[in-house]
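Report on the structure
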Amino acid sequence: MRRSINLCILETKLQRCKCLKQFKQILSQMILTNFITDTFAASRLINFSVNSTFVHFDYSLRIFNHLHNPNTFIWNTLMRAHLQLPQNSPHQALCFYKLFLVKDVDPDNYTYPILLRSCALRLSEFEGRQLHTHVLKLGFDSDVFVRNTLINLYAVCGNMVNARKVFEESPVRDLVSWNTILAGYVHVGDVEVAECLYSRMPERNAIASNSMIVLFGRKGLVVHARRLFDEIREKDMISWSAMVSCYEQNEMYEEALVMFVDMNANGVMVDEVVVVSAISACTSLLIVRTGKSVHGLAAKIGIEDYVSLQNALIHLYSSCGKILDAQRLFNDGVLVDQISWNSMISGYLRCGSVEDAEKLFCSMPEKDVVSWSAMISGYAQHGCFSESLDLFHKMQLHGIRPDETALVSVISACTHLAALDLGKWIHAYISKNKFQVNVILGTTLIDMYMKCGCVENALEVFYALEEKGVSTWNALILGLAMNGLVEKPLNMFADMKKTRTLPNEITFMGVLGACRHMGLVDEGRHYFSSMILEHKIQPNVKHYGCMVDLLGRAGLLKEAEELIESMPMAPDVATWGALLGACSKHHNNEMGERVGRKLIQIQPDHDGFHVLLSNIYASKGNWGDVLEIRGMMAQHGVVKTPGCSMIEANGIVHEFLAGDKIHPQINDIEHMLDVVAVKLKIEGYAPTTSEVSLDIDEEEKETALFRHSEKLAVAFGLITIASPTPIRIMKNLRICNDCHTVVKLISKVFDREIVVRDRHRFHHFKHGSCSCMDFW
């Protein structure tokens, strides 16, 4: 049969082929005329099919399987297709090579670069080494193209020893060889060797210089990067982008934006990568107007639909409070990915729209660990601690391994809810699943244990940490001070200085707080002075407030007031409030009335100041003034914050308000209170009714006292928590004198350890005494 098709006709037909139907016609004609047996013609057909958009790769494989003697070019073409086409994988290229060897086809100098790139994409050094032996055996090691792909393989796998060996042994090194080995050292972050290689390059192109700028930026060597950038004669888009990114990565956001503007002014085309860097700089500076200008430029040049840019813009607008703009971008996005959903959830949470974030989270087609963590941390940040814990449990049920963000947030939720049992379970979960306890996670655990009164557990976490930051030391010092350990916080501060960890403002809040809780006036004066003179830290209003509280608690009211008057900044209401509390404690009614009146003028809606002033009047029997204060409270809509105590029992947190009668076990609780009252009366207890600022008879005052929230919580603890487990209670207000006395006696009569965390500190009650030594 005469052939009705030849190579020239085939080439012409393939050039004109625009659809699968036409391609099948060409294939049919080749089969009918037996032209398919022409190896070169078959190679042209296969090359066209794998590179066309309308011929499925599986169809190309079916053609290949019917070829009698495919040549090396055809095998290489299919292996390259396995490597390049999105529907295939590099692994399949290696499998194809095994079949290639079985068919006893001879490889050429194009075969191994394809296969070595497959190994590099899979980061499979082992398979790459095997191919390297084939290269040596077949004599392709002298080919510069093969050697360059070998260098790249070892470099991307982080094996710079082998990469350098191949490079140094190369008989011929071209510019690609130098750029590849340089890129390897850039990849592993070896500045010294990269600089040395760069200086040795016989010819430096923009690729090499750009790689060095990227490395310098990653290592924080901004000056080096800028110097090199300025030395480049012909800067391309990558050069400018690398420099903008360098500034942005190193938090030099203004410089990044100036560079971006210069890039645009010089007529250099921008891509989505550099625009994302510019948008990120705008986000960090919270300059939404500039961000909108960059957004406009992206729209003008037609790149705004890139998903990475969409996500950066959503982050910009939500960070700057423009949540509707972020929402519009999200809703109008043609392509949205997982990051888009997560960015939008984070944006809602950042703007306080918890319900919107919750709705979006529930409607997500697929949730990853970032989605769960964002929602868990968002709940915790907005005070929805129970919701944070509930979502963490759901995350466990879905089999999602939490990340550090989720763990830190859920531990913080446990801290706020005083959910010690759950906090301990999470700590055990961290240990069991071998999470790395770094500075942030370790500090959060220390803070939880300290705020739940478990000092030993906190110390155990602290000493187990390999790395301790200033925040870790601060959590420990503040926690020890709060728990009333007399000398430990100050000893820890001395140990901190020995490790050359520089203290900061928060550290001195802990140190001064320790002095305040222990009444160490001279030591407090010393540390306050050393903070300024030795450590060059200027005290802020909180440090002054701490000193005022320390002096006031010690009865040095005049010195405390003088310190307020000498402050270099205006004292805040908390500082004046500390002095008012000290006046009430030491019965200095004259100063107390003056300070109290002043505070009510400064902050008329603060319930605590009204109550303290009312108590001062009540202690003098000035019921007319008490009524006046109550009238002022009613006028300004001020409601006294009710006493609230929380206690965890069997993994459930129970909450009690003063005078509570709605708890399911209230009858058992009241019965226990009666038992307690009888036993305390035998011990000689008499209620301290002077603190009840109500113009009622003594019997009513005693009843009101005995229904304070912490007494209800203690009674519940005696019923539900078996000895020797401590009864742990968290209270929102300062514990009153009468409750303090009662809990001390209960700890003695019932032989129970009771830990109460009030608004200011911990009280560890044991055998009839308290860790605060009655100084609080």
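Scroll up to find the structure.
Here's what I pulled together on the structure shown here. Every value quoted in this text rests on a predicted model; they were computed, and no experiment measured them. (Residues numbered from 1 in each chain as written. Predicted model: local features only at pLDDT ≥ 70, side-chain atom pairs only at ≥ 80, totals over all residues. Heavy atoms only, no water.)

Regarding the overall build of the protein
To keep things clear, this is the line we draw: The helix and strand labels rest on DSSP assignments: H or I over at least four residues marks a helix, E over at least two residues marks a strand, and numbering proceeds from the N terminus. What the globule rule says is 2.2 Å times the number of residues to the power 0.38, and the radius of gyration is computed from C-alpha atoms. Per-residue accessibility, obtained with a 1.4 Å probe over protein chains only, is compared with the maximum for each type, and a residue is labelled buried under 20%, exposed over 50%, and partly exposed between these values. In this description, accessible areas are obtained by the Shrake-Rupley approach with a 1.4 Å probe, and a residue is regarded as covered only by the protein chains that are shown. This count recognises Lys and Arg as positive and Asp and Glu as negative, with His and chain-terminal groups excluded. Working definition for charges: the position is that of NZ of Lys, CZ of Arg, CG of Asp or CD of Glu.
Regarding its fold elements, the protein presents 42 helices and 6 strands. Its C-alpha atoms give the protein a radius of gyration of 37 Å, clearly above 28 Å, the size a compact globule of 776 residues would have. Here the C-alpha coordinates of the protein stretch approximately 125 × 60 × 50 Å along the principal axes. With 776 residues in all, the protein has 50% of them scored as buried. On the protein, roughly 37,800 Å² of surface is accessible, and the fraction owed to carbon and sulfur atoms is 53%. In the protein, the 76 positive side-chain charges and the 86 negative ones have mean positions that sit 6 Å from each other.

Concerning the sheet that holds strand E3 (residues 727-731)
Going by this rule: Two strands qualify as a pair provided DSSP detects at least 2 bridges between them. Here, residues are in contact when the closest pair of their heavy atoms is within 4.5 Å. Fitted lines through C-alpha atoms give the axes, limited to the stretch in contact for helices. The angle between two N-to-C directions lies from 0 to 180 degrees.
Ordered by their spatial adjacency, 6 strands build an open sheet running E2-E1-E3-E4-E5-E6, and the pairing between neighbours is mixed. The strands lining the two open edges of the sheet, one partner per strand, are strand E2 (652-657) and strand E6 (769-770). Pairing geometry for strand E1 (residues 644-649) and E2, over 6 bridges, is antiparallel. The residue bridging Cys644 from the neighbouring strand is Leu657, located in E2. The strands that helix H42 (residues 737-749) touches are strand E4 (754-757), strand E5 (762-766) and E6; relative to E5, the one it contacts most, it runs at about 35°.

A word on the side chain of Ser277
Tracing the chain through its elements places Ser277 in helix H17 (residues 272-285). Not counting residues within four places of it along the chain, the set of residues in contact with Ser277 comprises Val244, Ser245 and Glu248.

Notes on a negative patch on the surface
Let me state the cut-off plainly: Patch criteria: residues need more than 30% relative accessible area and no salt bridge. Like-charged residues are merged within 9 Å; nonpolar side chains of Val, Leu, Ile, Met, Phe, Trp and Tyr are merged within 5 Å. We count a salt bridge whenever a side-chain nitrogen from Lys or Arg sits within 4 Å of a carboxyl oxygen from Asp or Glu.
Taken together, Glu355, Asp356, Glu358, Glu387 and Asp390 make up a surface patch of like negative charges. Among the secondary structure elements, those contributing two or more residues to the negative patch are helix H22 (354-363) and helix H24 (385-397). No other element matches the 3 residues that H22 contributes to the negative patch.

Here we look at the pattern of salt bridges
The final tally for this structure, using the stated rule, is 23 salt bridges. Notably, a salt bridge pairs Glu11 with Arg44, separated by 3.0 Å at the nearest N-O pair. On the criterion of sequence distance, the pair formed by Glu11 in helix H1 (residues 7-16) and Arg44 in helix H3 (residues 39-51) is long-range, its members being 33 residues apart. Classification of Glu11 by relative accessible area gives partly exposed; the value is 24%. Relative accessible area serves as the criterion here: at 25%, Arg44 is assigned to the partly exposed category. A salt bridge links Arg226 to Asp230; its shortest N-O distance comes to 3.0 Å. Of this pair, Arg226 and Asp230 both sit in helix H14 (residues 222-231), 4 residues apart, roughly one helical turn. Residue Arg226 is classed as partly exposed on the basis of its relative accessible area of 31%. Counted as one network, the salt bridges with shared partners bring together Arg164, Glu168, Arg173 and Arg200.

Considerations on the packing of helix H6 (residues 90-102) against helix H7 (residues 111-122)
For any two helices packed against each other, the geometry is given by the interaxial angle and the distance between the axes. Spelled out, the test is: Here the angle decides the label: under 35 degrees means roughly parallel, over 145 means roughly antiparallel, 65 to 115 means roughly perpendicular, and every other value means oblique. By the definition used in this description, the sense in which the near helix is turned from the far one sets the handedness, with an anticlockwise turn below a right angle giving left-handed and a clockwise turn giving right-handed. Any residue that is not Ala, Val, Leu, Ile, Met, Phe, Trp, Tyr, Cys, Pro, Asp, Glu, Lys or Arg is counted as polar, Gly included; the first ten are nonpolar and the last four charged.
Interaxial distance between H6 and H7 falls to 8 Å at its minimum, and their mutual angle equals 140°. Here H7 runs oblique to H6, going by the angle between their axes. Like other packed secondary-structure pairs, H6 and H7 cross with a definite hand, here left-handed. Contacts from Pro90, His91, Ala93, Leu94 and Tyr97 in H6 reach Thr111, Tyr112, Leu115, Ser118, Cys119, Leu121 and Arg122 in H7. The residue makeup of the contact of H6 with H7, split by class, is 8 nonpolar, 3 polar and 1 charged.

Focus on the pairing of E3
Counted only if it meets this: With strands facing away from the observer, any crossover in which the path from the first strand over the helix to the second runs clockwise is taken as right-handed.
Of all 5 residues in E3, 4 are buried, a share of seventy percent or more. By the bridge criterion, 3 bridges tie E1 to E3 in an arrangement that is antiparallel. The residue bridging Ile647 from the neighbouring strand is Ile729, located in E3. Summarising the sheet, E3 and E4 pair through 4 bridges and their orientation is parallel. In the sheet register, Ile729 faces E4, and the bridge partner there is Val756. Read from E3 through H42 to E4, the crossover connection turns out right-handed.

Examining the state of the cysteines
Rule in force here: In plain terms, two cysteine sulfur atoms within 2.5 Å form what is called a disulfide here.
Per the stated rule, a full pass over the model turns up 0 disulfides. Cys19 carries a free sulfur, and the closest cysteine sulfur to it, the one in Cys17, is 6.2 Å from it. For Cys19, a relative accessible area of 30% gives the class partly exposed. Free cysteine: Cys320, not disulfide-bonded; nearest cysteine sulfur from Cys282 at 8.3 Å.

Overview of the environment of Leu286
By secondary structure assignment, the location of Leu286 is in the loop between H17 and helix H18 (288-300). Sequence spacing of Leu286 and Val55 is 231 residues, and the spatial spacing of their C-alpha atoms is 49 Å. When residues no more than four places from it in sequence are discounted, the contact partners of Leu286 are Ser319 and Cys320.

Some details on the packing of aromatic side chains
Threshold: Side-chain rings of Phe, Tyr and Trp, where Trp is taken by its six-membered ring, are said to pair if the distance between their centres is within 6.5 Å; with planes under 30 degrees apart they count as stacked, over 60 as edge-to-face, and otherwise as tilted. Charge over a ring is defined by NZ of Lys or CZ of Arg lying within 6 Å of the ring centre and within 35 degrees of the ring normal.
Under the criterion given, the structure shown has 24 aromatic pairs. Pairing Phe229 with Trp240 gives two aromatic rings, centres 5.1 Å apart and planes at 80°, and the pair type is edge-to-face. One end of the pair, Phe229, is in helix H14; the other, Trp240, is in helix H15 (residues 237-249), and 11 residues separate them in sequence. Taken as a pair, Phe229 and Trp240 share a single burial class, namely buried. Ring geometry for Phe392 against Tyr429: centres 6.5 Å apart, planes inclined by 85°, an arrangement best described as edge-to-face. Of this pair, Phe392 sits in helix H24 while Tyr429 sits in helix H26 (residues 420-432), placing them 37 residues apart in sequence. Comparing Phe392 with Tyr429, the two get one shared label, buried. Among the aromatic residues, those joined into a ring-pair cluster are Phe64, Trp75, Phe96, Tyr97, Phe100, Tyr112 and Phe140. Residue placement shows Lys235 over the ring face of Phe229; its charged tip is 5.1 Å from the ring centre. The ring of Phe435 carries the charged tip of Arg401 above its face, separated from the ring centre by 4.0 Å.

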